[in-house]
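# Per-entry structural report
Here is what each chain is made of, one letter per residue.
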Amino acid sequence: MDELDTLVEQTELLLAEGNEQQLKEHLDGLNISEVEALIDELPEYGPTFIETLSINRAVNVFRILDFPTQERILKKLSGPKISEIINEMPPDDRTAFFSELKGDVVKQLIILLPPADRKEALALLGYPEDSVGRLMTPDYITVKQHWDITRVLHHIRKYGKASETIDVLYVIDKDGKLLDDIRIKDILLADPATTVEDLIDNRLIALNANDPQEEAINVFRMNNRVALPVIDEQGIMLGIVTVDDILWVANEEYTEDMQRIGGTEALDEPYLDVSILHLVKKRAGWLIVLFLGQLLTATVLEHYESQLASAVLILFMPLILSSGGNSGSQASTLIIQAMALGEVTLLDWWQVMRREILSGLLLGLILGALGFIRICTWQAFSQEYGEYWLLVGTVVSLSLVGVVLWGSLVGSMLPFILRKLGADPASSSAPFVSTLVDVTGLIIYFTVATLVLTGVLL
């Protein structure tokens, strides 16, 4: 029996005994990740756990649950507990939660907030969806240039408890414009008479409230920060974004990309929570598109009906198609990942194309050589390909070079085209690339066969 099973068993015993005080002590003694695991294992008791926990721990558990679980629990909580949780949630987590709810529910919950928090919540919700503004929190500490270290420390003691983090302090001028940020380490190690201005290094890194969240992920990744300030177009400081929120966004982006690469729309909820009809709806669109694409394959086969009379050519069709599709899927996946990591931008398309032409050609030559060796070896033992086996080997080899080269080119360029059109590059998924290369691969194969074998086998 593992630790989670033991924990579930202990919790079930306490629930059966009905001793609320013992249950509260038990839950308050667990890590919030352990309580979250209990809610996953005992979903029917999720509201009970949240009601029983002390408010701070209840909020910390509630904020790490996935949205469907949050929504399900919220419906069964008492009014006072809902009000407590909504009021105690950090502004950024509250904004993320409100963003997922339907309009009427949001209105009912916002009314529970005091006027100042209500204004703050509405302001954060006013930023575009998937923008940095939706992630930021207004709970941070600012200092002025002329302050000395003694005053800064007094300010931290007075306001630090309400701040999301005190690892970094932000220097602003009298108009609220952000000038720089200072690590708490530098403050603690400085002489008490030192002023904030003496610690400024002018190496400020900031996010714009309207920046896409994906850009924020790249900035955090490249700069190793626990928090970054958020400013508007005039440089006025609006809030901060912390690395824990960025990790959540990065995980969501990764999940969506993996689903799109697999040839389906991104799911809004965990797989097991999605209804069958909703799951079919998410998958049907792509399947229809891919099906229509494969119909073009049938059209190509009809066009080359005379070439299909040769049984030898039919034998190598799966080999040609799979090689082109595999090379295209490889290239597409590599470029999508490079785009997600910020290693490649739209301006790099020509450099990528040159690299893929060269690598696709080399890969095609390798597979073409293997294909030719396979035909030579088989012919030596079985004489299966007849007297024109050398020409058949040439057709297969040249076709593999062309198809692999084309697949690499298509797979690498489609993400650029989609991003230029404003679509998600992950939509150039492996199935989509494979379908497209299948159609064109057949054209390449039969064109080469026609040029080489006309008057011989055709």
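Look up a bit, the structure's there.
Residues numbered from 1 in each chain as written. Predicted model: local features only at pLDDT ≥ 70, side-chain atom pairs only at ≥ 80, totals over all residues. Heavy atoms only, no water.

### Quick look at helix H20 (residues 389-420)
With 32 residues, H20 ought to run about 46 Å at 1.5 Å a step, and its terminal C-alpha atoms sit 46 Å apart, in line with that. Where H20 bends most, the angle comes to about 25°, and this point is Met413, followed within four residues by the proline Pro415. Following H20 by one or two positions, Gly422 adopts a phi angle in the positive range, close to 90°. (Helix = DSSP H or I, 4+ residues; strand = E, 2+ residues; numbered from the N terminus. Expected span 1.5 Å × (residues − 1). Bend = angle between axes of the 7 residues up to and from the residue.)

### A look at the environment of Thr95
Secondary-structure assignment places Thr95 in helix H8 (residues 91-100). According to the relative accessible area criterion, Thr95 is buried, its value standing at 2%. Ignoring sequence-local partners within four residues, the contact set of Thr95 consists of Leu124, Leu125 and Arg134. Engagement of the side chain of Thr95 in a polar contact is seen with the backbone oxygen of Pro91, the distance being 2.8 Å. (Buried < 20%, exposed > 50% of the residue type's maximum accessible area, 1.4 Å probe, protein only. Contact = heavy atoms within 4.5 Å. Polar contact = N/O pair within 3.5 Å; in protein donor to acceptor, adjacent residues only side chain to side chain.)

### As for the sheet that holds strand E2 (residues 168-172)
Within the open sheet, the 3 strands sit side by side as E1-E2-E3. Their pairing is mixed. The two strands at the open ends of the sheet, each matched to only one other strand, are strand E1 (142-143) and strand E3 (178-183). Where E1 meets E2, 2 bridges bridge the pair, whose relative direction is parallel. When the sheet's bridge partners are listed, Val143 is paired in E2 with Val171. (Pairing = 2+ DSSP bridges.)

### Quick word on the packing of aromatic side chains
Geometry of an aromatic ring pair is reported as the spacing of the ring centres plus the angle between the planes. Across all of its chains, the model carries 7 aromatic pairs by this definition. Summarising the aromatic geometry, the rings of Tyr45 and Phe49 are spaced 6.4 Å apart at their centres and angled 35° between planes, so their arrangement reads as tilted. The class of Phe49 is buried, set by a relative accessible area of 0%. Both rings, one in Phe67 and one in Phe97, keep their centres 6.0 Å apart while their planes meet at 55°; by these two values the pair is tilted. Pair noted here: Phe67 is in helix H6 (residues 67-74) and Phe97 is in helix H8, with a separation of 30 residues, a long-range link. Take Phe97: its relative accessible area is 2%, and that puts it in the buried class. Put simply, the rings of Phe62, Phe67, Phe97 and Phe98 pair up and form one aromatic cluster. The ring of Trp378 carries Arg374 above its face, with NZ or CZ at 4.3 Å from the centroid. (Phe/Tyr/Trp six-rings, centres within 6.5 Å; stacked < 30°, edge-to-face > 60°. Lys NZ or Arg CZ within 6 Å of the ring centre and 35° of its normal.)

### A closer look at the sheet that holds strand E5 (residues 227-231)
Note on sheets: strands pair through backbone hydrogen bonds, and any given pair is parallel or antiparallel. The 3 strands are arranged E4-E5-E6 in an open sheet whose pairing can be described as mixed. Of all strands in the sheet, those with a lone pairing partner are strand E4 (207-208) and strand E6 (237-242), marking the two edges. In this sheet, E6 lies alongside E5 in antiparallel orientation, the contact comprising 5 bridges. Opposite Ile231, over in E6, you have Met237 as the bridge partner.

### Digging into unusual backbone geometry
Its identity as a non-glycine residue notwithstanding, Asp130 has a phi of 65°, on the positive side. Structurally, Asp130 can be placed in the loop between helix H10 (115-125) and E1. Look at Asn202: it is not a glycine, yet its phi comes out positive at around 60°. Position of Asn202 relative to the elements: it lies in the loop between helix H13 (196-199) and E4. Since its relative accessible area comes to 64%, Asn202 is described here as exposed.

### Overview of the pairing of E2
Burial of E2 is extensive: 5 of the 5 residues sit out of reach of the surface. Neither face of E2 is left uncovered, since the one carrying Val168, Tyr170 and Ile172 and the one carrying Leu169 and Val171 both have all their residues buried. Traced from E1 through helix H11 (residues 149-159) to E2, the parallel crossover comes out right-handed. Note: E2 against E3, 5 bridges, orientation antiparallel. Directly across from Tyr170, in E3, lies its bridge partner Asp181. (Right-handed = clockwise from strand over helix to strand, strands pointing away.)

### Considerations on a nonpolar patch on the surface
Taken together, the side chains of Leu363, Ile366, Leu367, Leu370 and Ile373 define a hydrophobic patch exposed on the protein surface, amounting to about 440 Å² of accessible area. Counting through the fold element by element, Leu367 comes out in helix H19 (residues 349-382). (Patch = residues over 30% accessible without salt bridge, like charges linked within 9 Å, V, L, I, M, F, W, Y side chains within 5 Å. Areas by Shrake-Rupley, 256 points an atom, 1.4 Å probe, with all protein chains shown as cover. Salt bridge = Lys/Arg side-chain N within 4 Å of Asp/Glu carboxyl O.)

### Remarks on the nonpolar core
Membership of the largest hydrophobic core comes to 36 residues, with the highest contact counts inside it found for Phe97 and Phe98. The contact partners of Phe98, leaving out residues within four places of it in the chain, are Ile86, Val106, Leu109, Ile110, Leu113, Ala121 and Leu125. With 22 residues, the next largest nonpolar core counts Leu313, Val392, Val410 and Tyr445 among its residues. (Core = buried A, V, L, I, M, F, W, Y, C linked by side-chain atoms within 4.5 Å.)

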